[in-house]
Structures are given as C-alpha cells and as structure tokens.
Amino acid sequence: MKSIVKVGAYIILLTSIACASSKNNATQEEIAALDQMISNRQFEIKANWAQPMATQSFNNIANSGLLPPGSTASRIDISGTRGYFRMVGDSVIADLPFFGERRMGGYYNQNKTGIIFEGIPKDLSFSRNKKGDGQTMRFTISEESEGFQVIALLYPNGTARLTVSSTHRTNMWYQGNLSEYKEK
C-alpha cells in the first residue's frame, strides 16, 4: 500500500511539473528570497484551491450541488477556510480541509475531519526543481494512527502546490500562496 501511495504521488508530481509553463519568469532576487525563506525554515502556504482525487462517489456529491460556488469536482475554492501549511524551524503544522474518501477504517474524530498534523517531519529534504526556479520539499509525518507523505513545490513567484498522500484517505492536492511566516 505504501509503495502505491509513493508511485501515485510521484506520477502526480511529474504531471504537474510537465504541465507547468516552460518559461522562467523568476528574477534572481525572487529566487534568493525563496532560498532564504527555506534556509530559515520559516514559511507558510495559505491554501486557495483543493483538488481531490476524482472518484465516482465524489462526482456524485459534486453533481448534487453541495460544493461551494465557483467550484467543480476537480477544483474546489477553499480560500475562505483558512487552510494552511506552515514550516516553523524544524516543525511542520497543517490544517487543511479534506474533500474525498476515507479508505481505511480506524480511529475517526469528527472534530478533526481535515488533514491536520503537527510535529517534526521524518525524511525531510529540499531539492532544486529541474528548471531551477523553485524547490521541492518532501517529508513524511504521522498524526495519531494516520501517516502522511507530503510533497510541496515552492516557487519564487509566491505560489505553491502541495500534494498530501494519506494512509487512510484518498490523495489531495492544494494550490496556494507562499509567504514568509511571521509569528503573531
């Protein structure tokens, strides 16, 4: 099961990279600012869009009109949910809405229906994107009985794509704005 999740995440990552624009619009200052944010490990992604895995069940829900206005089964506007992913020092924190199916039984907490985790990630790595205009972050983390594999594409223009694979749920993708995180 773990290898299937990894293969799925890599296919999604490759597809999103292949579909990205081939034109590099990032300035050296933007690239340096991104590199500094990553080296400080002090950044936040505020999610604006969620992209759930397309399943027959989810398509039935979308066809019934239960999604927010302006949303489709493949792209849901979540800008009003305050969904976020943060890296603060060695820790990662996420509270992202989840649209999809639970695939495995086990502990279910009705107060934590989204993708929620906090802690020190395992196997954390950063690598420069092949086009040289951004970085890819990868790690795994567990929260209670559920495990997550996260891949984030961080771009110097202030955007980010986040892929979250779970041991208990269908995969989710998020798009949002990347910025330096300043504790309040």
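Placed above this text is the structure.
Cut-offs and rules
- Residues numbered from 1 in each chain as written.
- Predicted model: local features only at pLDDT ≥ 70, side-chain atom pairs only at ≥ 80, totals over all residues.
- Heavy atoms only, no water.
- Salt bridge = Lys/Arg side-chain N within 4 Å of Asp/Glu carboxyl O.
- Helix = DSSP H or I, 4+ residues; strand = E, 2+ residues; numbered from the N terminus.
- Buried < 20%, exposed > 50% of the residue type's maximum accessible area, 1.4 Å probe, protein only.
- Phe/Tyr/Trp six-rings, centres within 6.5 Å; stacked < 30°, edge-to-face > 60°.
- Lys NZ or Arg CZ within 6 Å of the ring centre and 35° of its normal.
- Expected span 1.5 Å × (residues − 1).
- Arc of directions from axis to C-beta.
- Contact = heavy atoms within 4.5 Å.
- Pairing = 2+ DSSP bridges.
- Polar contact = N/O pair within 3.5 Å; in protein donor to acceptor, adjacent residues only side chain to side chain.
- Core = buried A, V, L, I, M, F, W, Y, C linked by side-chain atoms within 4.5 Å.

Chemist: Please provide a residue-by-residue account of the pattern of salt bridges, values included.
Modeler: Within this structure, the stated rule accounts for 4 salt bridges. Ionic pairing is found between Arg86 and Glu44, a salt bridge with its closest N-O pair at 2.7 Å. Of this pair, Arg86 sits in strand β3 (residues 84-88) while Glu44 sits in strand β1 (residues 42-52), and the two are 42 residues apart along the sequence. The same class applies to Arg86 as to Glu44, namely buried.

Chemist: Describe in detail the packing of aromatic side chains, supporting the description with residues and values.
Modeler: Two measures describe an aromatic ring pair: the distance that separates the ring centres and the angle between the ring planes. Under the criterion given, the structure shown has 4 aromatic pairs. Taken together, a centroid distance of 6.2 Å and an interplanar angle of 75° make the contact between Phe117 and Phe139 edge-to-face. Of this pair, Phe117 sits in strand β5 (residues 115-119) while Phe139 sits in strand β7 (residues 135-143), and the two are 22 residues apart along the sequence. By the burial criterion, Phe117 is buried, and Phe139 matches it. Through pairs of rings, three or more aromatic residues link up here, namely Phe85, Phe117, Phe139 and Phe148. Lying over the aromatic face of Tyr84, Arg86 brings its terminal NZ or CZ to 3.9 Å of the ring centre.

Chemist: Could you give an account of helix α2 (residues 28-40), naming the residues involved and the relevant values?
Modeler: The terminal C-alpha atoms of α2 lie 18 Å apart, and with 13 residues this matches the ideal 18 Å at 1.5 Å per residue to within 8%. Among the residues making up α2, those that are buried are Ile31, Leu34, Met37 and Ile38. Viewed along the axis of α2, the buried residues span an arc of 125°, placing them on a single side of the element. With respect to the buried face of α2, the exposed residues turned more than 90 degrees away are Gln28, Glu29 and Ser39. As for α2, its buried residues are in contact with β1, β6 (122-128), β7, β8 (146-154) and β10 (172-180).

Chemist: Could you give an account of the pairing of β10, with specific residues and numbers?
Modeler: By the bridge criterion, 9 bridges tie β1 to β10 in an arrangement that is antiparallel. For Pro52, the partnering residue across the bridge sits in β10 and is Met172. Of the strand pairs in this sheet, strand β9 (residues 159-166) and β10 are connected by 6 bridges, and their pairing is antiparallel. Counterpart to Val164 in the pairing with β10 is Met172. If you look at the hairpin formed by β9 and β10, you'll find 5 residues sitting between the two strands.

Chemist: Go over the environment of Glu44, please, and point to the residues and values.
Modeler: On the basis of relative accessibility, which here comes to 6%, the residue Glu44 falls in the buried class. A distance of 2.7 Å separates polar atoms of two side chains, one belonging to Glu44 and the other to Arg86.

Chemist: Account for the environment of Ala94, with residues named and values stated.
Modeler: When you line up the elements, Ala94 lands in strand β4 (residues 91-96). Judged by its relative accessible area of 2%, Ala94 falls in the buried class. With 49 residues separating them along the chain, Ala94 and Ile45 place their C-alpha atoms 9.3 Å apart.

Chemist: Go over unusual backbone geometry, please, and point to the residues and values.
Modeler: The backbone of Asp123 sits at a positive phi, close to 55°, despite the residue not being glycine. Within the element layout of this structure, Asp123 appears in strand β6. In this structure, Glu144 takes a positive phi of about 55° despite not being glycine. Along the chain, Glu144 turns up in the loop between β7 and β8.

Chemist: Account for the nonpolar core, with residues named and values stated.
Modeler: Core analysis: the biggest nonpolar cluster contains 34 residues, and Phe43, Phe85, Ile115, Phe117, Leu154, Leu162 and Tyr174 have the highest contact counts within it. Ignoring anything within four residues of it in the chain, the contact list for Leu162 reads Ile45, Phe85, Leu96, Val150, Ile151, Ala152, Met172, Trp173 and Tyr174.

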